[in-house]
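# Close look at the chain arrangement
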Amino acid sequence: MIFDDRIKKVIAAAFSERQDVFLRISSDFPDKISYDDIPCVYLFPGAFSSVDGNIFTDGRKALSCMPEEITCFPIFADVRFLKNVNFRNLLRKMNVRRIVIPFAECALEGEYIYRESFSLVGEFRDETEYFCQVVAFLPPCNVDAKELMLPFGCENVICAGENEILPINPYATGSPLTKFYHTAAEAEKYAYKKVLICFNSRGEAKEFAAFLNKRGTPFRYIDGETDVYAKRNILDDFFISDISIILSTRTVIPETLFFRFDKCIFCGVPFTFSHIFRCAYSSCEKEVLTVFCEEDFVRNAKISRSLAHIAGNEEIYDKRHKSLLEIQKLLSDL
């Protein structure tokens, strides 16, 4: 992310005034916020890898780490670790005074497990004897900054930046098969570029992998079932190889935030706008080609209903259905 001196000064000045900062700015991944040497932790909705700093990719490492072992800031962690009192104690011992939340919308619109975890940010701040600043990045639509004041424990907030245009470049196809054909053809055009293709589910990602195998197109593949260390190795090898395409489910998008792809394609209709923004953060083009068909809307609704039934939480379906209707309207208007 390119932070000019103005944004850096806003964040630093807000800290001295005990203010939180909500940002809506045109950006890449938020890097080097802690230029003022304030101990800082980044909280993500999911696992990740490969970045300069202290990386907590699993709970065991996070909870076994001692403050004297921390050699530099910022540190990076899965927000779910906040559920563990020992991890919160670790952050306090490290005197963490700034919490950076790249995907703040997940506190309201993400999966239930992440919404529940982000709500602990406010509890953590209540437990500290010092001021701990929140720097939250908001998507350009659907999220009201005032709604995030409660889960993050924010009372004194300044907002910076302006609403952006959704970085979505839609292409409608007639069926799931033609969606696969167009996605493959689009990705195969770039022999010397690195292309990330994201999917809503492992099932569809594996169907597309089989589709590419039949075409003889080489690719790499990662999903939520891939071991965290294997993911990092696959991504590292991918960027030094001659292979140009990697497939990923949407749950693994945080894994890719520390890499830069030439192009990102979303195959299907995303469940929420935040999924598109996560892809955009990883794309040099700052625009995500979204290849979809009408059947995707019906399929997503069925998946959301099934998930809500399994979890016994109707709120999951209500939130997802609302987002799906908003996405459907947006795509029909473009």
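Not measured: the values here are computed from a predicted model.

Let us look at helix H8 (residues 202–215). Look at H8: 20 Å from first C-alpha to last across 14 residues, which is about the 20 Å you get at 1.5 Å a residue. Listing the buried residues of H8 in full gives Glu 204, Ala 205, Phe 208, Ala 209, Phe 211 and Leu 212. Projected down its long axis, H8 carries its buried residues within an arc of 160°, all on one side. When the buried face of H8 is taken as reference, the exposed residues oriented beyond 90 degrees from it are Glu 207, Asn 213 and Lys 214. Buried positions along H8 lie against helix H7 (176–188), strand E9 (195–199), strand E10 (220–222), strand E11 (245–249), strand E12 (263–267) and helix H11 (295–311). Gly 216 sits one or two residues past H8 and shows a positive phi near 75°.

The subject of this paragraph is the sheet that holds E9. With parallel pairing, six strands are arranged side by side in an open sheet as E8-E13-E12-E9-E11-E10. With one partner strand each, in any of the chains shown, strand E8 (168–173) and E10 form the two edges of the open sheet. Across the sheet, the mean angle separating the axes of adjacent strands is 20° when strand polarity is ignored. Examined bridge by bridge, E10 and E11 share three bridges and lie parallel to one another. From the neighbouring strand, Tyr 221 faces E11, where its bridge partner is Leu 247. Packing of H8 onto the sheet brings it into contact with E9, E10, E11 and E12, and relative to E11 it is tilted by some 160°.

Within this structure, the stated rule accounts for 15 aromatic pairs. The interplanar angle of 50° and the centroid separation of 5.8 Å between the aromatic rings of Phe 15 and Phe 131 together place this pair among those described as tilted. Of this pair, Phe 15 sits in helix H1 (residues 5–16) while Phe 131 is found in the loop between helix H6 (120–127) and strand E6 (133–137), placing the two residues 116 residues apart along the sequence. Centre to centre, the rings of Tyr 42 and Phe 76 are 4.8 Å apart; their planes meet at 25°, and the pair counts as stacked. With Tyr 42 in strand E2 (residues 40–44) and Phe 76 in strand E4 (residues 75–78), the pair connects residues that are 34 residues apart, well separated along the chain. With respect to burial, Tyr 42 and Phe 76 carry one shared label: buried. Here the guanidinium or amino end of Arg 97 rests over the ring plane of Tyr 130, the centre of that ring lying 4.3 Å away. Lys 194 extends its terminal NZ or CZ atom over the ring of Phe 238, reaching a point 4.6 Å from the ring centre.

As a further point, take the pairing of E6. The element E6 is largely enclosed, with a buried count of five among its five residues. Bridge analysis of strand E1 (residues 20–24) against E6 gives three bridges, and the strand direction is parallel. Looking across to E6, one finds that Leu 23 is bridged to Phe 137. Summarising the sheet, strand E5 (residues 98–101) and E6 pair through four bridges and their orientation is parallel. Bridged to Ile 101 within E6 is Ala 136.

A few words now on the pattern of salt bridges. Pairs may arise between side chains of opposite charge once their charged atoms sit close together. Counted according to the given criterion, the structure contains 14 salt bridges. Residue Lys 83 is joined to Glu 116 by a salt bridge in which the shortest nitrogen-to-oxygen separation is 2.8 Å. Of this pair, Lys 83 sits in the loop between E4 and helix H3 (85–93) while Glu 116 sits in helix H5 (residues 112–118), placing them 33 residues apart in sequence. Where Glu 225 meets Lys 206, a salt bridge forms, and the shortest distance between an N and an O atom there is 3.9 Å. One end of the pair, Glu 225, is in the loop between E10 and helix H9 (228–240); the other, Lys 206, is in helix H8, and 19 residues separate them in sequence. Relative accessible area serves as the criterion here: at 44%, Lys 206 is assigned to the partly exposed category. Each of the salt bridges in this network shares a partner with another, and the network as a whole consists of Lys 179, Glu 204, Asp 296 and Arg 299.

Definitions and limits used
Along every chain, residues carry numbers that run from 1 in the direction the sequence is written. In keeping with the model being predicted, local features are shown solely for residues with a pLDDT of at least 70 and side-chain atom pairs are shown and tallied solely at 80 or more, while totals for entire chains, interfaces and linings include all residues. By convention in this description, side-chain values take in all heavy atoms of the structure and omit both hydrogens and water. Numbered from the N terminus, helices here are DSSP runs of H or I no shorter than four residues, and strands are runs of E no shorter than two. Expected helix span is computed as 1.5 Å times (number of residues minus one). Per-residue accessibility, obtained with a 1.4 Å probe over protein chains only, is compared with the maximum for each type, and a residue is labelled buried under 20%, exposed over 50%, and partly exposed between these values. The arc in question is the one spanned by the directions pointing from the helix axis to the C-beta atoms. Residue contacts are counted whenever heavy atoms from the two residues lie within 4.5 Å of one another. In this description, strands pair whenever DSSP reports at least two bridges between them. In this analysis an axis means a line fitted to C-alpha atoms, helices contributing only their contacting stretch, and an angle means the value between N-to-C directions, from 0 to 180 degrees. Pairs were defined over the aromatic rings of Phe, Tyr and Trp, the Trp ring being its six-membered one, requiring ring centres within 6.5 Å. Orientation was assigned from the angle between planes: stacked under 30 degrees, edge-to-face over 60, tilted for the rest. Definition used: whenever NZ (Lys) or CZ (Arg) falls within 6 Å of the ring centre and also within 35 degrees of the ring normal, the charge is taken to sit over that ring. Every case where a carboxyl oxygen of Asp or Glu lies within 4 Å of a side-chain nitrogen of Lys or Arg is listed as a salt bridge.

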